[in-house]
Structures are given as structure tokens and as C-alpha cells.
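# Observations on chain architecture
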Amino acid sequence: MNFIEALKSEDIEIVRSFPKADLHNHFVLGGNREYILRKTGYDVKPVTKPLTSMSRMDEWNRQYIGEHFNTPEGRKFLIESTFVQAKYDGVSVLEIGEDVWGLGEFFHNDVGELIYTFQEINHRIAPEIELRLQIGLSRHCPVDYLEDCLKHLWGRKEFYSIDLYGDELAQPIENFVPIYRRAAENGLVLKAHVGEWGTARDIVSTVSQPLTMRTSWTFLPTTAYGSI
Ligand SMILES: [Zn+2]
């Protein structure tokens, strides 16, 4: 059986048995629920029906995750539980990272600590998984704030990609061009969530931005991925 046949079979155990890449994993929400329950006693309820908007998703987040893991230790535990889930799912390449605001909130503004945390958990829980470390940007944040946070991160070769997500309608994609230009200069793979809640016009506008001489984009169902 090949992977396409495995997907068609809808048998998750067969799908798990194939090595695969997970390039879109919201690590805070990507953890293994049973592992979280066993280690912390906190039962994260499963999503039982589709969430139809960003505000519904935020609401679910507030209700079922809330402030439970909003400490440096809690954050690290969520990274750990994400590697546990990825290993269980047969993931061989995992692209995850921290939102820029998390650097100050959970890692004492120390980018070395942030990078070490991800790498140490990678080696301890699932050394067979290739970690692709990502820089995350929330779209509602003012660009000068994001640029200020990013000062700590530029030039660190451990980062593989950059991604933009959150409220797609918060501000136009054009505002982020300077950041993406700098990210391209840093050799990062360029990613942005587009078309999740916005329109087809937003997708066209995003992929048309003149970022570099040679930019290519690939679409996944709700996310545009670009690389140079
Ligand atoms: Zn996403």
C-alpha cells in the first residue's frame, strides 16, 4: 500500500505507519492529549465539530486551554507534548516554532534559550524527527513591535522559516513586505496564512508582493507557502 492508498483507507494506524512531514503544526495546540492528561491531570477536550471562524477558534482556546500553560514551564511542556504526538503520528520532519512575543514571555528574551529548548526536547523525545524551527508572527501586532522583537532573531541560522497567522483581516499584507524582505535575505522559507478567513483577492495580493527576484509559492488548503 502507498501513502495515497493509506489516506484513502481512512485508517489512521496505516497513515501513522508512513514517515511524513508536518509543515503546519500550531505547537500549543498540537500536543498529545493523553500525555498532557497523564503528566498534568488536565484533560483537554477534543474539538467535536468544525470551528467556523477565527473568533470561534479563539473562544475554544480560551475555554479549553486558557491560562493553563502560560508559564515558561507550561510552554516547554506543550512543546514536549507536541513532539510526543508527532512521534506517535510517524512524523519525520516537524516544522514548529515560537511566536515572537513568546521570546520575552517564556524565554527571558534569550534567543539562545529558546533555540536550546526546542532542540533539547527534540533530542530527548524524538531524535529521529528533523526539527525545522520557525519564527511566528501574529498579524494583529503593529509592524514596528514585530520588527523590534525580530531584532533578536535575525541572523540565527537555527531558524528555517517564518510564518504569519492570526486575524487575517487585521492589516493589509503590504505592511509586512519589509519584514519578509529581511527574512528572505536571512535565507528563511517564507510562509503566510492566507485565504483562511479572507478572500481569493487576498491570496492573489499576497503572492503578488515583490519580495525577491525569485519567489515561488505553493498552496496548501488554507496556507500559502513561499520559498526562495
Ligand atoms: Zn495555521
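Note on numbering: residues in each chain are counted from 1, in written sequence order. Where local features are concerned, this predicted model is filtered to residues with pLDDT of at least 70; where side-chain atom pairs are given and counted, the filter is 80 or more; whole-chain, interface and lining totals use all residues. To get the side-chain values, take all heavy atoms of the structure and skip hydrogens and water.

## Some details on the packing of aromatic side chains
As a reminder, the rule being used: Think of it this way: a Phe, Tyr or Trp ring, Trp meaning its six-membered ring, pairs with another when their centres are within 6.5 Å, and the plane angle makes it stacked under 30 degrees, edge-to-face over 60, tilted otherwise. Elements are defined by DSSP. Helices are runs of H or I of four residues or more, strands are runs of E of two residues or more, and each kind is numbered from the N terminus. Type-normalised accessible area, obtained with a 1.4 Å probe on protein chains alone, sets the label of each residue: buried when under 20%, exposed when over 50%, and partly exposed for intermediate values.
Per the counting criterion, the structure on display carries seven aromatic pairs. Between Tyr42 and Phe69, the aromatic rings sit 6.0 Å apart at their centres with planes inclined by 70°, giving edge-to-face as the arrangement. Taken as a pair, Tyr42 in the loop between α3 (33-40) and α4 (54-64) and Phe69 in the loop between α4 and α5 (72-88) lie far apart in primary sequence, 27 residues in all. The class of Phe69 is buried, set by a relative accessible area of 6%. Through successive ring pairs, a cluster of aromatic residues spans Tyr35, Tyr42, Phe69 and Phe77.

## Some details on the confidence of the model for the protein
Applied cut-off: A score between 0 and 100, pLDDT records how confident the predictor is in each residue.
Of the residues in the protein, 92% reach a pLDDT of 70 or more, and the chain-wide mean stands at 89. The secondary structure element of the protein with the lowest average pLDDT is strand β7 (residues 223-227), at 47, and the one with the highest is helix α7 (residues 111-125), at 97.

## What about the packing of α3 against α5?
Describing two packed helices takes the angle between their axes plus the distance from one axis to the other. Definition in use: In this description, a line fitted to the C-alpha atoms serves as the axis of each element, helices being fitted only across the stretch in contact, and the angle between N-to-C directions of two axes falls anywhere from 0 to 180 degrees. Every angle not falling under 35 degrees, over 145, or within 65 to 115 is termed oblique; those three ranges are roughly parallel, roughly antiparallel and roughly perpendicular. Handedness of each helix crossing follows the sense of rotation of the near helix against the far helix: counterclockwise by less than a right angle gives left-handed, clockwise gives right-handed. Throughout, a contact is declared for two residues whenever any of their heavy atoms are within 4.5 Å. Nonpolar residues are Ala, Val, Leu, Ile, Met, Phe, Trp, Tyr, Cys and Pro. Charged residues are Asp, Glu, Lys and Arg, and all others, Gly as well, are polar.
Relative to each other, α3 and α5 sit at 135°, their axes nearing to 9 Å. As summarised for this structure, α3 and α5 are arranged oblique, according to the angle between their axes. Crossing geometry of α3 relative to α5 is assigned as right-handed. Together, Arg33, Tyr35, Ile36, Lys39 and Thr40 of α3 and Phe77, Leu78, Glu80, Ser81, Val84 and Gln85 of α5 make up the contact between the two elements. Among the residues forming the contact of α3 with α5, the class breakdown is five nonpolar, three polar and three charged.

## Some details on the coordination of the zinc ion
Our working definition: The donor definition counts N, O and S atoms within 2.8 Å of each metal and applies 3.2 Å to Na, K and Ca; water is not among these atoms, so some sites may look incomplete.
The protein atoms that coordinate the zinc ion are His24 (NE2), His26 (NE2) and His193 (NE2), at distances spanning 2.0 Å. Each donor residue of the zinc ion belongs to the same chain, with the gaps between them written as H-x1-H-x166-H. Within this pair, whereas His26 is found in the loop between β1 (20-22) and α3, its partner His193 is found in strand β5 (residues 189-193), the two being separated by 167 residues in sequence. Judged by relative accessible area, which is 38%, His26 ranks as partly exposed.

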